[in-house]
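Coordinate analysis (summary)
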Amino acid sequence: MYAYIIRRLLMIIPVLFGVSVVIFFTLRVIPGDVAQTILGTSATEESLAALRNKFGLNMPLYEQYFTWMSGVLVGDFGVSMRTGAEILPEILSRFAITFELTILAAFISWIIAIPLGIIAGVKRNTKTDFSVRIISLLGVSVPNFALATILILVLSLSFNYSPPVGYVGFFEDPVKNLQILFLPAFVLGTGMAGAVMRMTRSSILEILRQDFIRTVRAKGVRERVVIFNHAFKNALIPILTIIGMQIGVLLGGTVIIEQIFSLPGLGQMVLTGINQRDFTVVQGAILFIAFVFVLINLLVDLLYSYLDPRISYK
């Protein structure tokens, strides 16, 4: 197990290297002068030259990349081209908000998707099954930003309720914190719930066809025990796989939702950096998200062996 963990941790290096190359050079091919965009059209040539020299924008691209990566390797993500503030502390503070939103969205999706997926699998080809499949299809199909806009309009016009603006930390005021995050988490969770619901249903259906389930039923075991103690436990691995992938997607997919609900998370930081052409902010934030995504996948793989002792990492 330890050898496997070390191998997987070493695999993070080429993955993050690939991500860094793609994001760095993709940003550099965007048309326009970065210095001109940041300082505005009224900036003098001297100020433009000073900004280019400060951030190395006048160097060849490969030199800019290696300068940036040499800093990242020692924990220095650079400073913002706009504010001059260090990027890593800002990433960590904003990531706490995005991570809390992601976990709450994932929890909402689980309590909706897993019970409905199990019911649909057990009651295959019934009205209940068809209803669950329609719900899951809607969850997968409706874009998060569209659902968020519709919910805000319905709540404000029909119920005279507007989502709270701003952010309050959980330890400062837990009730206010959950009031702020519940609606955006629900919007994000519905999309994840659709995918988890479909996977839960298909996994349950596959396990219920297995010989050991027929054997358990032949012994007179109660159906509830058959479903939850035998079928669901053995169906967890593909469900866990899709959950791990969806959590990673949520971490990078909160950009629009955080903007709609005015949450100062990592997604809003990336969107603001893109709009302001603050390349160092965008590079650092996306690289950090990729790092967390890889760690989540590693954690999911390690959970496989806990759920199924037959899985070995030797």
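Residues numbered from 1 in each chain as written. Predicted model: local features only at pLDDT ≥ 70, side-chain atom pairs only at ≥ 80, totals over all residues. Heavy atoms only, no water.

**Observations concerning the packing of helix α5 (residues 87–122) against helix α13 (residues 266–275)**
Selection rule: For helices, the fitted axis covers only the stretch in contact; all axes are lines through C-alpha atoms, and the angles between them, taken along N-to-C directions, range from 0 to 180 degrees. Counting from the N terminus, the helices are DSSP H or I runs at least four residues long and the strands are E runs at least two residues long. Angles are sorted into four bins: roughly parallel if under 35 degrees, roughly antiparallel if over 145, roughly perpendicular if 65 to 115, and oblique for all others. Here, residues are in contact when the closest pair of their heavy atoms is within 4.5 Å. For this classification, the nonpolar set comprises Ala, Val, Leu, Ile, Met, Phe, Trp, Tyr, Cys and Pro, the charged set comprises Asp, Glu, Lys and Arg, and every other residue, Gly included, is treated as polar.
The interhelical angle for the contact between α5 and α13, taken along N-to-C directions, is 130°, at an axis separation of 7 Å. Regarding the angle of α5 to α13, the classification is oblique. Residues Ile87, Glu90, Ile91, Arg94, Phe95 and Thr98 of α5 lie in contact with α13, whose contacting residues are Leu266, Gly267, Gln268 and Met269. Broken down by class, the residue content of the contact of α5 with α13 amounts to five nonpolar, three polar and two charged.

**Things to note about the UniProt feature "domain: ABC transmembrane type-1" (unreviewed entry) in the chain**
This is how it is decided: UniProt positions are given in the numbering used here, feature names are shortened, and annotations may be inferred rather than shown by experiment.
Those residues carrying the UniProt feature "domain: ABC transmembrane type-1" (unreviewed entry) are residues 95–304 in this numbering. Between the end C-alpha atoms of residues 95–304 there is a gap of 27 Å, over a span that is 82% helix and 0% strand.

**Notes on the nonpolar core**
What counts, and what does not: Side-chain atoms within 4.5 Å are what join buried Ala, Val, Leu, Ile, Met, Phe, Trp, Tyr and Cys residues into a set we call a nonpolar core. With a 1.4 Å probe rolled over the protein chains alone, any residue whose accessible area is under 20% of its type maximum counts as buried; one over 50% counts as exposed, and the rest are partly exposed.
Among the nonpolar cores identified, the biggest contains 81 residues, and Val196 and Leu266 are the most heavily contacted of them. Looking at this core element by element, the count peaks at 14 residues for helix α8 (residues 174–208). Non-local contacts of Val196, meaning those with residues more than four positions away in its chain, are made with Ala113, Ile114, Ile239, Ile242 and Ile243.

**Side note on the layout of surface pockets**
How we decide: Grid points spaced at 1 Å and placed over the protein atoms alone form the basis of the search, with a cavity being a set where a 1.4 Å probe fits but cannot get out and a pocket an open set showing protein on both sides within 12 Å along at least five of seven lines. Lining residues have an atom within 4 Å of a point. Grid points are joined across faces, edges and corners, and a volume is the space filled by probe spheres set on the points.
Its volume calculated, the largest pocket comes out at about 370 Å³. Taken together, 13 residues line the largest pocket, and the ones lying closest to its centre are Leu16, Val72, Leu73, Leu287 and Phe291. Every element with two or more residues in the lining of the largest pocket is listed here: α1 (2–28), α4 (61–72) and α14 (279–307). The element that contributes the greatest number of residues to the lining of the largest pocket is α1, accounting for five residues. Residue composition of the lining of the largest pocket, grouped by class: eleven nonpolar, two polar and no charged.

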